[in-house]
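This is what each chain is made of:
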Amino acid sequence: MAQYIKNKYDGEIKVALGYDTRNNSAYFAKVAAGIFASCGFKVYLYDRALPVPVLSFTTAFLGCNAGVMITASHNPKEYNGYKVYDSKGCQLCTEDATEAIGYINAITDYKSIPFLDESENITLIGDDVFGEFCKQVKKQSLYSEPSELKIVYTPLHGTGNVPVRKILEGMNVSIVKEQELPDGDFSTVRSPNPEEKDALTLALKQAEAEDADIVIGTDPDCDRVGVGVKHNGSYQLLTGNQTGALLVDFVLRFRKDSMPENAAVVKTIVTSGLGAAIAEKHGAKSVQTLTGFKYIGEKICLWEENGENTFLFGYEESYGYLAGTHARDKDAVSSAMLIAEMAAYYKNNGKTLVDALDSIYAEY
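Below or above, wherever it landed, is the structure these notes cover. Because the structure is a prediction, the values reported are computed rather than measured.

**A look at unusual backbone geometry**
1) Next: Positive phi outside glycine occurs at Phe 186, with the angle close to 45°.
2) Next: Its place among the elements puts Phe 186 in the loop between strand 7 (172-175) and helix 7 (201-210).
3) Next: Of the residues examined, Phe 186 reaches a relative accessible area of 2% and is grouped as buried.
4) Next: In this structure, Cys 222 is a non-glycine residue whose phi angle is positive, near 55°.
5) Next: With respect to the secondary-structure elements, Cys 222 resides in the loop between strand 8 (214-218) and strand 9 (225-231).

**Structural notes on the packing of aromatic side chains**
1) Next: Here the structure, examined in full by the defined rule, presents 12 aromatic pairs.
2) Next: Considering the side-chain rings of Phe 57 and Phe 133, the 5.8 Å spacing of their centres and the 65° angle between planes classify their relative orientation as edge-to-face. Of this pair, Phe 57 sits in helix 3 (residues 52-61) while Phe 133 sits in helix 5 (residues 127-138); the two residues are 76 residues apart in sequence, bridging distant segments of the chain.
3) Next: The exposure class of Phe 57 is buried, given its relative accessible area of 8%.
4) Next: A centroid spacing of 4.7 Å and a plane angle of 50° characterise the contact between Phe 250 and Phe 254, whose relative ring orientation is tilted. Here Phe 254 and Phe 250 lie together in helix 8 (residues 240-254), a separation of four residues that amounts to about one turn.
5) Next: Judged by relative accessible area, which is 1%, Phe 250 ranks as buried.
6) Next: Feature note: the residues Tyr 143, Phe 250, Phe 254, Tyr 345 and Tyr 346 constitute an aromatic cluster, connected by ring pairs.
7) Next: Residue placement shows Lys 281 over the ring face of Tyr 364; its charged tip is 5.5 Å from the ring centre.

**Side note on the side chain of Asp 223**
1) Next: Considering the arrangement of structural elements, one finds Asp 223 in the loop between strand 8 and strand 9.
2) Next: The residues touching Asp 223, leaving out its near neighbours within four places in the chain, are Val 52, Pro 53, Ser 73, Lys 83, Tyr 319, Gly 320, Lys 330, Asp 331 and Ala 332.

**Observations regarding the pattern of salt bridges**
1) Next: Scanning the entire structure with this criterion turns up 21 salt bridges.
2) Next: Between Asp 213 and Lys 347 there is a salt bridge whose closest N-O contact spans 3.2 Å. Here the residue Asp 213 occupies a position in the loop between helix 7 and strand 8, and Lys 347 occupies one in helix 11 (residues 332-348), the gap between them amounting to 134 residues.
3) Next: Residue Asp 213 is classed as buried on the basis of its relative accessible area, which comes to 18%.
4) Next: A single network of salt bridges, built from pairs that share partners, joins Lys 83, Asp 223, Glu 316, Asp 329 and Lys 330.

**Digging into the layout of surface pockets**
Which parts of space are left empty comes out when a probe the size of a water molecule is rolled across the atoms.
1) Next: Roughly 590 Å³ of internal volume is contained in the largest pocket.
2) Next: Along the wall of the largest pocket there are 20 residues; nearest its centre are Met 1, Ile 35, Tyr 82, Ile 107 and Ile 113.
3) Next: Ranked by residues supplied to the lining of the largest pocket, first place goes to helix 2 (residues 25-38) with five residues.
4) Next: Its residues assigned to classes, the lining of the largest pocket shows 16 nonpolar, three polar and one charged.
5) Next: Contributing to the lining of the second largest pocket are 16 residues, with Asp 86, Lys 88, Asp 96, Glu 298 and Cys 301 lying nearest its centre.
6) Next: Elements with a contribution of two residues or more to the lining of the second largest pocket: helix 1 (2-8), helix 4 (94-105) and helix 10 (293-306).
7) Next: Sort the elements by how many residues they give to the lining of the second largest pocket and helix 10 lands first, with four residues.
8) Next: Classifying every residue of the lining of the second largest pocket gives seven nonpolar, two polar and seven charged.

**Here we look at empty space enclosed by the protein**
1) Next: Scanning the model with the defined rule gives one cavity of 30 Å³ or more in all.
2) Next: In this structure, the largest cavity occupies an estimated 50 Å³ of space.
3) Next: Counting only elements with at least two residues in the lining of the largest cavity, the list comes to helix 1 and strand 4 (82-85).
4) Next: Considering each element in turn, the lining of the largest cavity owes the most residues, three residues, to helix 1.
5) Next: The residue inventory of the lining of the largest cavity, partitioned by class, reads eight nonpolar, one polar and two charged.

**Brief notes about the pairing of strand 12 (residues 285-289)**
On a regular strand, one side chain projects to one face of the sheet and the next to the other, so that they alternate.
1) Next: Of the strand pairs in this sheet, strand 11 (residues 263-268) and strand 12 are connected by five bridges, and their pairing is parallel. In the sheet register, Val 265 faces strand 12, and the bridge partner there is Ser 286.
2) Next: The parallel pair strand 11 and strand 12 is bridged by helix 9 (residues 274-281), and the resulting crossover is right-handed.

**Overview of the packing of helix 8 against helix 12 (residues 353-363)**
1) Next: Contact geometry of helix 8 with helix 12 gives a least axis separation of 10 Å together with a crossing angle of 85°. Judged on the interaxial angle alone, helix 12 and helix 8 are roughly perpendicular. Contacts between helix 8 and helix 12 involve Gln 242, Ala 245, Leu 246, Asp 249 and Arg 253 from the first element and Leu 353, Ala 356, Leu 357, Ile 360, Tyr 361 and Glu 363 from the second.
2) Next: Class assignment for the residues of the contact of helix 8 with helix 12 results in seven nonpolar, one polar and three charged.

Conventions and cut-offs
Residues numbered from 1 in each chain as written. Predicted model: local features only at pLDDT ≥ 70, side-chain atom pairs only at ≥ 80, totals over all residues. Heavy atoms only, no water. Helix = DSSP H or I, 4+ residues; strand = E, 2+ residues; numbered from the N terminus. Buried < 20%, exposed > 50% of the residue type's maximum accessible area, 1.4 Å probe, protein only. Phe/Tyr/Trp six-rings, centres within 6.5 Å; stacked < 30°, edge-to-face > 60°. Lys NZ or Arg CZ within 6 Å of the ring centre and 35° of its normal. Contact = heavy atoms within 4.5 Å. Salt bridge = Lys/Arg side-chain N within 4 Å of Asp/Glu carboxyl O. 1 Å grid on protein atoms, 1.4 Å probe; cavity = no way out; pocket = protein on both sides within 12 Å on 5 of 7 lines; lining within 4 Å. Points joined across faces, edges and corners; volume = space filled by probe spheres on them. Nonpolar A, V, L, I, M, F, W, Y, C, P; charged D, E, K, R; others polar. Pairing = 2+ DSSP bridges. Right-handed = clockwise from strand over helix to strand, strands pointing away. Axes fitted to C-alpha atoms, helices over the stretch in contact; angles between N-to-C directions. Parallel < 35°, antiparallel > 145°, perpendicular 65-115°, else oblique.

The following block contains the structure:
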């Protein structure tokens, strides 16, 4: 990766590095930092585990040439991975990824890779940059009226614990204690994937005991979010398509007086067309991309350059959503905030999110 980046940029090169709560993630991030530093790069390494969208934001915010996140997202505990971002905080798309992989495949002698354990080129970062991320997320807030909404939240042993709780301050939030702290073995679940019902079993059980209105669960790197809703006395889990449609409707309703003429909503080709129909009825363009949130991020970057459209919201059926452009990847921190605000809005109007979804089905 260092060779790939060096080939693209002249002068001082800066790289941001982050990691999640998986086994060895912190160690792998330190190894990567040492390799980048030994190549003469200025390295910004987070001092704690953090969500994917924070690293995406950080890469652009600090003016870095690239960013790397050590994560395997919602996959089982045996996995880990290496996720690469460009200077705008967008994952490498096909052409750039192919070029980078060419450099990786060209290495035949692993002992030739330089490594520095400690270096003045490595700067630890934390609260300051993370605080800026939270400020940008708060700018996406749409509804702040007081509500008696009760929320049960689980970070599934991942990076969402601190940021999601911070962003939901002031709301009635109960944490699933058994899943609050980092655990790379994800010992309370079969798989830490909020797309799967059994990942939210403990949260749903707690919600039932506490008579909570909704359950919110984020995956280990906090870029995907699952939702459960109490409706007619029992809890229903929403699919990614359902949550996406609700969020498109909610965002565009509340943005109607400030919506630019060239506003656009982006979805992937495997995502339901319902959100697209909602967007068009609200006067926003609907745009479709290939599967993968990196292609939604690519649209954000392209439109910032050519002004063709203004990005408002992007989503995919696999529980990933993004409002605003503070990150160029799916963001479960801002999504959890909007889901909670949306549920509070409907509760204040005597409805659940299932009622709201039924209204959408009736209309479209």
